[in-house]
Amino acid sequence: MRTIGLIGGMSWESSAEYYRLINQQVRDRLGPLRSAQMLMYNVDFGPVEQAQHAGRWDDAAAILVKAARSLEAGGAECVVLCTNTMHKVAEQIQAAISIPFLHIAEPAAHAALAIDARTVGLLGTAFTMEQDFLKQRLIAQGLTVLVPDEAERKEVHRIIYDELCVGVISEPSRQIYQRVIESLTARGAQAIILGCTEIGMLIKPEHSALPLLDTTELHAQSAVAFALGD
C-alpha cells in the first residue's frame, strides 16, 4: 500500500470526512481490520481564508506548498488537497513536489461522464463557481458547466463559510440549496457537482432529483485507488 498525504484543515469538518471515507474504503477493499497508510498536514484555515478573501493567493499557496513538501519529506507518495477552492493554486503545489498531486476535478469529471451527464451544475464557494480553475478542468473533459445566478451564488457561498465550515447543518439552508439545484435543473443540468468539500454534509442524494457528484467522496476514492495501485 502506498502512503497518502492529505493537506487538510480547510475546513477540518470536511477533512474528517476524507479520513473516514479513505479508511472505510480501504477496509471494504482489504478486510475489516485494514486501514489506510496516510499522513495529514492540517493547516490553520484562518490565514488561508483571510488570504482568499483578500485575493492574496500567492500567500495561501505558500502555506500549502509548505504542507505538501512536509508530507513528501514525511514519506507521502501522493498529495491530496482536501478542498476545492484551493485547487486554484494546484499547479504551484505540484511544481514544488516530486510526487503526484491528485487533482479533485478529474474524478468528478469521470463520474459525470460515466453516467452520461454532459451538462452539470456546479456548487461551491464563489471562487470556485466564478473563476475558471475548476470549471476549465471539467470543460476540458467535454462537460458543459452551469453555475447559479449571482444572488444564488452569494447564498451558496455564505452558507459554506458561515455554517458548514463550522459544523452547522441547517434545514433552511438545505432548502436554499435545494431551490438552487432546482434552478440548475430547469436550465438543463443533468447532474450536480458538489464542488465544495463541505456541501456533502448538508445535501444528500435524497435531497436532489438529480444525481449528486460529491467531490469529497470521489476524491477520496481516487486516493484509495492510487494507494492500492488500481
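Residues numbered from 1 in each chain as written. Predicted model: local features only at pLDDT ≥ 70, side-chain atom pairs only at ≥ 80, totals over all residues. Heavy atoms only, no water.

With an unreviewed UniProt entry as reference, the protein chain is termed Aspartate racemase, source organism Pseudomonas helmanticensis.

## Re the environment of Asp230
Along the polypeptide, Asp230 turns up in the segment after helix H10 (215–227). For the pair formed by Asp230 and Lys88, sequence separation is 142 residues and the distance between their alpha carbons is 27 Å. A polar side-chain atom of Asp230 sits 2.9 Å from a polar atom in the side chain of Arg29. (Helix = DSSP H or I, 4+ residues; strand = E, 2+ residues; numbered from the N terminus. Polar contact = N/O pair within 3.5 Å; in protein donor to acceptor, adjacent residues only side chain to side chain.)

## Points about empty space enclosed by the protein
In total, this model carries 1 cavity of 30 Å³ or more according to the counting rule given. What lines the largest cavity is a set of 13 residues, among which Met10, Thr83, Thr85, Thr125 and Glu198 lie closest to the centre. Secondary structure elements with two or more residues in the lining of the largest cavity: helix H2 (45–54) and helix H8 (150–162). Partitioning the lining of the largest cavity into residue classes produces 6 nonpolar, 6 polar and 1 charged. (1 Å grid on protein atoms, 1.4 Å probe; cavity = no way out; pocket = protein on both sides within 12 Å on 5 of 7 lines; lining within 4 Å. Points joined across faces, edges and corners; volume = space filled by probe spheres on them. Nonpolar A, V, L, I, M, F, W, Y, C, P; charged D, E, K, R; others polar.)

## Description of the packing of helix H5 (residues 105–114) against helix H7 (residues 132–140)
Packed helix pairs are specified by the crossing angle of their axes together with the interaxial distance, meaning the distance between the axes. At a minimum axis distance of 9 Å, the contact between H5 and H7 shows a crossing angle of 40°. Judged by the inter-axis angle, H5 sits oblique to H7. As H5 runs across H7, the sense of the crossing is right-handed. Judged by residue contacts, Ala105, Glu106, Ala108 and Ala109 of H5 engage Leu134, Arg137 and Leu138 from H7. (Axes fitted to C-alpha atoms, helices over the stretch in contact; angles between N-to-C directions. Parallel < 35°, antiparallel > 145°, perpendicular 65-115°, else oblique. Left-handed = near helix turned anticlockwise from the far one by under 90°. Contact = heavy atoms within 4.5 Å.)

## Re the pairing of strand S6 (residues 191–194)
Burial of S6 is two-sided: the residues Ala191 and Ile193 facing one way and the residues Ile192 and Leu194 facing the other way are all buried. Bridge analysis of strand S4 (residues 119–123) against S6 gives 4 bridges, and the strand direction is parallel. Each bridged residue has a counterpart across the sheet, and for Leu122 the counterpart in S6 is Ile193. Here S6 runs beside strand S7 (residues 212–214); their pairing, made up of 3 bridges, is parallel. The partner of Leu194 across the bridge, within S7, is Asp214. (Buried < 20%, exposed > 50% of the residue type's maximum accessible area, 1.4 Å probe, protein only. Pairing = 2+ DSSP bridges.)

## So, unusual backbone geometry
A cis geometry characterises the amide bond from Met10 onward to Ser11, with omega recorded as 0°. Located in the positive-phi region is Asp116, a residue other than glycine, with phi close to 60°. With respect to the secondary-structure elements, Asp116 resides in the loop between H5 and S4.

## Some thoughts on helix H9 (residues 171–186)
Helix length check: H9, at 16 residues, gives a terminal C-alpha distance of 23 Å against a target of 22 Å (1.5 Å per residue), a fit within 8%. Of all the residues in H9, the buried ones are Ser173, Arg174, Ile176, Tyr177, Val180, Ile181 and Leu184. Viewed along the axis of H9, the buried residues span an arc of 155°, placing them on a single side of the element. Set apart from the buried face of H9 by more than 90 degrees, the exposed residues are Pro172, Arg179, Glu182 and Ala186. Just past H9, the residue Gly188 takes up positive phi, approximately 115°. (Expected span 1.5 Å × (residues − 1). Arc of directions from axis to C-beta.)

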